[in-house]
Amino acid sequence: MSATTKLSFILLFFIVGIYSASAATLKGKVLDGNDEPLVGATLMLEGTEIYALAGLDGSYALKNIPAKTKYKVLIRYVGYKTIEYEVYFESEAEVQTHNIVFGIDQALMSEDVVVYGEVAAGNETDARKSEKESATVTNVISSKAIELSADITVANVVQRVAGVSIVRNSNGSPQHAIVRGMDKRYNYTLVNGLKIPSPDNKNRYVPLDIFPASLLEKLEVTKALTPSMEGDAIGGVVNMIMKDAPAKLHISGDFQTGYNQINLNRKFQTFDVGATNYKSPYELYGPKYQAQMSDFSKDNLVVRDIQPMPDVMGNFSIGNRYFKNKLGVLAAVGYQNSYRGNNSLWFKTSTDYFGSNSPSLDELHERKYSTQQTRIGAHLRLDYRLNKYNTIKFYAGDYRLKYAQVRDDFASQLDARYYSAEKGNAIVSLITRNRLQDQRIFTSSMQGDHKIARGLSINWIAVHSIAKNDEPDVGQFERNTGLVGFVMQPVTIERHMPRTWQHNSDIDYTAYLNLIYTPEFLGREGEIRVGGMYRTKYRTNFYNSYTFDPSPTTQTYGRDFYTYADVKQVVLNPLGGVSDPQNYDAHENLLDYYVQTRFFILPKTQVLGGVRVEHTNQGYQLLYNTDPEIQNSKNQVYFDVLPSVHIKHMPNDKMNIRASFFKGISRPGYFEIVPYYNYTQTDGYPEVGNPSLKRVKAYNYDLRWEYFPSPVNKLLIGAFYKKIIDPIEYATVLGPSNSPVTQPGNYGTAYNWGIEVDFTRYFNKFGIKVNYTYTNSQITTTKALRTREDPNDPTSNVVVRTPSQTRPLQGQAKNIGNLSILYKDAKKGIESQLAAVYTGERIQNVSPFYENDSWVLPFLQLDFSFEKKLNDHWVLTFKGQNLLNSPMKVIIKKPHMLPEKQYKLQNSSDYTLIRDDHYFQSYRMGVRFNF
């Protein structure tokens, strides 16, 4: 059954509803003073059994009311006084409409009862309010929407935003965001509006799967920058607004447990994480130490098959205000421990050396991934109101993700020289890799807001952040064997087995100072804001490797060894291998300042504009370089002037028309400007760094029409255009000795444009959320093309030419869409959601060879969640992810070199399958509480 057919059946099962009406009816909506629907408010006719509950849009209907009798209507909602008023119907066909508005004072106004209140943070109304009132193009997801969804990390959540797709890690979990088709390098991440560093060992972008979604109050994605925002984003900015102190005591949390289907289909492989040494002998004993086998643990490379425990996830938060509401405190913690798997087929390819420029299938790798993820996040928020003019705020957040993975690989040669499918003969390698990755981000900030005169205030912020990444003792256990007539031959040990240690840290100190003046202009309040920022960043990266040989050289499975612990080995390089350019220090010092104004130039037209200037000093220092041809250190010093203007026209209180322009940049990755030389060839050529790599510049334009018919409903239609100068792409160039290499470079000018539609509509019991984005981009880079010197002579020499190829930007999908169908029956305490995410085909890896790029085929993910309210404080939950078990497939859009060979799964004459991954379904159930 196809994924589309499965989805159709599930939708038919999910969308069932019958609506009927008879006799006299009282209907309307229950709202608060800001027109926010009070979902679940109770309405009852006193002395009868007739009652109703307000639906998702606040609407209600009391039916079958007898005529000719006066009734008292009682309206109750938690946190408000009961409202009551009388109704009378002349006939059973009569329909009356009464809108109920709760607040502080109760007063009957015509047929409506009106009182005033506040918008609760984190709900759908708050999200719509943020989008509507934002000075720029922004999309918001509320904590209420996150709570109902099956999403467990911020990376899961961000793919629900219009125009955002994600990059997955090896176990299928979302990890990085691609905004409007712009690769992850073109976006940055904030916590409460402040930038955080990345634990990635080479790049700037932050892995969003390190953050538990349960800690969010809302998620904002800003797609057009203002002068007060840092300018190094071209796609957009992901801002995680963490839970804040409530107005009164609030305790909430949840507990969930579940299982992944793949762990029922096969065993889960694991190793002893506790036996892993976080430091290599070089670090423990010094650079002159001669390492012995006794210095290396073997237990962490011994793999065991287990039936894993169920996944466990939970979060807890408590907040309150003290000292006559002057001090607000919120503490929250989230914990997740899960077991994920991936059954993967991967074809190792190169481009043939015989002049046809077609993919050559060299090896088939049948891989089984087993990954245990342990994620913990905690944060503390404080705010103290000294008086009505001065407030101090403090935030501290600590986020950690440990990632223990076993990759079991059955690799067989497919080269025509070695492979004979009909005889069952092949050269086989059994490769087991154990990898532990420990990532951590800590950030803390102190902030002051001070009103120093009428219309004049100062804001200051001091930030300290640390990002760390450890990948200790990553080992690979490789054994050699073969198939002869489909019979496995004796297994022996491979030589030169590596074990590597890599760790890096990124330390930031940042200071902000802003002066805000709010004068009147044309009878409306305006704003003049000037400010500056200084950041000093220090990054260090350490890499060391040891190589081992079996001793004696020939050791056979079943006779000499059973596990890695039994293998007798010697250390080939007892001093380690730290001369690699991956050992480096990097720095980046930024001095930014800006001026920003916001005024109404017409009664209904607001303009926000200004300019930001950014001074950058970025560089590196190699630590243990022994190659005189490589430059040990280099600095890049430059400055950018980044103007922006945002026009917001408001024809009425439900509509906005926006037009925006901003100039943005994207700085090179820290490691890309290091002159490294990676001898591990990727698709045929080594990879080298580029110390001359320049920053990317882009001119960005936006138009968006916004309509908010109610506080929870919206229709947003927008278009964008980007002109990108000196985009960074990886391409084939001539390196040392005029030999081809793959290198990051700046390539001319790229263009990216698209349209976005975002729609949300709530009915009484049903709701629908839909967004769709079309994106089109193009960039031209040089590629390698192997052809015969004389195309008409198949015996002539093969030469390498470098033609240009025009293609989409890496990671950009033309079509991205989300569909969520919601159902809520307040009477029965039931709430559910069916959510689908679609991502069209996109380039995953850019090949150095002409028209040999790897494309991910379209991907559809379907999730389901169901909740049953037990009482005012407790809710039972059930959630399912990836219900369709959608595979991730990667292809090259041309047939492989030997189409007559009937290789496994290579059944298309139009393309070559490169990868086929299956992650299977995940199920969770649990309980949520709220006091």
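Everything discussed here concerns the structure shown above.
Residues numbered from 1 in each chain as written. Predicted model: local features only at pLDDT ≥ 70, side-chain atom pairs only at ≥ 80, totals over all residues. Heavy atoms only, no water.

Remarks on the overall build of the chain
Logical step 1: Within the chain, the secondary structure is distributed over six helices and 57 strands.
Logical step 2: Whereas a compact globule of 931 residues would reach a radius of gyration of roughly 30 Å, the chain reaches 31 Å, a difference of no more than 12%.
Logical step 3: On the principal axes, the C-alpha backbone points of the chain span a range of 100 × 60 × 60 Å.
Logical step 4: A burial count over the chain gives 56% of its 931 residues as buried. (Helix = DSSP H or I, 4+ residues; strand = E, 2+ residues; numbered from the N terminus. Rg over C-alpha atoms; globule rule 2.2 N^0.38 Å. Buried < 20%, exposed > 50% of the residue type's maximum accessible area, 1.4 Å probe, protein only.)

Considerations on the environment of Ala411
Logical step 1: Residue placement: Ala411 occurs in strand β24 (residues 390–413).
Logical step 2: What Ala411 contacts, discounting residues up to four positions off in sequence, is Leu364, His365, Ile427, Val428, Ser429 and Ile431. (Contact = heavy atoms within 4.5 Å.)

So, a nonpolar patch on the surface
Logical step 1: A grouping of Leu249, Phe255, Val312, Phe316, Ile318, Val333, Tyr335 and Ile376 is seen on the molecular surface, where their side chains present a nonpolar patch of about 630 Å² in accessible area.
Logical step 2: Elements supplying a minimum of two residues to the nonpolar patch: β21 (311–322) and β22 (327–351).
Logical step 3: Among the elements that take part in the nonpolar patch, β21 stands out by supplying three residues, more than any other.
Logical step 4: What makes Phe316 partly exposed here is its relative accessible area of 35%. (Patch = residues over 30% accessible without salt bridge, like charges linked within 9 Å, V, L, I, M, F, W, Y side chains within 5 Å. Areas by Shrake-Rupley, 256 points an atom, 1.4 Å probe, with all protein chains shown as cover. Salt bridge = Lys/Arg side-chain N within 4 Å of Asp/Glu carboxyl O.)

Overview of the sheet that holds strand β16 (residues 216–222)
Logical step 1: Ordered in space as β11-β16-β17-β14-β15, the five strands form an open sheet in which the pairing is mixed. A single partner strand is all that each edge strand has here, and the edge strands are β11 (138–142) and β15 (194–195).
Logical step 2: Here β11 runs beside β16; their pairing, made up of five bridges, is antiparallel. When the sheet's bridge partners are listed, Val140 is paired in β16 with Glu220.
Logical step 3: Here helix α2 (residues 124–133) sits on the sheet in contact with β11 and β16, set at roughly 170 degrees to β11. (Pairing = 2+ DSSP bridges. Axes fitted to C-alpha atoms, helices over the stretch in contact; angles between N-to-C directions.)

Brief notes about the nonpolar core
Logical step 1: With 34 residues, the main nonpolar core has Val158, Phe211, Leu219, Met240 and Met242 as its most contacted residues.
Logical step 2: Of all the secondary-structure elements, those providing two or more residues to this core are α3 (143–148), α4 (154–158), β12 (164–168), β13 (174–179), β16, β17 (236–242), β22 and β24.
Logical step 3: Counting 22 residues, the second largest nonpolar core, distinct from the first, contains Leu43, Ala54, Tyr71 and Ile75. (Core = buried A, V, L, I, M, F, W, Y, C linked by side-chain atoms within 4.5 Å.)

A look at the pattern of salt bridges
Close approach of charged atoms allows side chains of opposite charge to pair.
Logical step 1: Enumeration over the complete set of coordinates arrives at 56 salt bridges.
Logical step 2: A salt bridge links Lys769 to Glu124; its shortest N-O distance comes to 3.2 Å. In this pair, Lys769 is assigned in strand β45 (residues 766–782) and Glu124 in helix α2, connecting sequence segments 645 residues apart. The same class applies to Lys769 and to Glu124, which are both buried.
Logical step 3: A salt bridge links Asp508 to Lys537; its shortest N-O distance comes to 3.0 Å. Of the two residues, Asp508 sits in strand β29 (residues 497–517) while Lys537 sits in strand β32 (residues 527–550), which places them 29 residues apart along the sequence.
Logical step 4: Judged by relative accessible area, which is 4%, Asp508 ranks as buried.
Logical step 5: A cluster of three or more residues bridged by salt bridges with shared partners is formed by Lys195, Glu230, Asp232, Arg535, Asp592, Arg612, Glu614 and Arg667.

Quick word on the packing of aromatic side chains
Within a pair of aromatic rings, the relevant descriptors are the distance that separates the centres and the angle that separates the planes.
Logical step 1: Tallied over the entire structure, the rule returns 27 aromatic pairs.
Logical step 2: Measuring from ring centre to ring centre gives 5.2 Å for Phe268 and Tyr339, while their planes differ by 90 degrees; the resulting arrangement is edge-to-face. Placement of the pair is Phe268 in strand β19 (residues 268–270) and Tyr339 in strand β22, with a sequence separation of 71 residues.
Logical step 3: Take Phe268: its relative accessible area is 1%, and that puts it in the buried class.
Logical step 4: Centroid distance Phe671 to Tyr676: 4.3 Å. Interplanar angle 15 degrees. Geometry classified as stacked.
Logical step 5: With relative accessibility at 7%, the residue Tyr676 sits in the buried group.
Logical step 6: Linked through ring pairs, Phe477, Tyr557, Phe561, Tyr562 and Tyr564 together constitute an aromatic cluster.
Logical step 7: The positively charged end of Lys184 is found above the aromatic ring belonging to Tyr205, 5.3 Å away from the centroid.
Logical step 8: When the ring centre of Trp855 is taken as reference, the NZ or CZ atom of Lys893 above it lies at 3.8 Å. (Phe/Tyr/Trp six-rings, centres within 6.5 Å; stacked < 30°, edge-to-face > 60°. Lys NZ or Arg CZ within 6 Å of the ring centre and 35° of its normal.)

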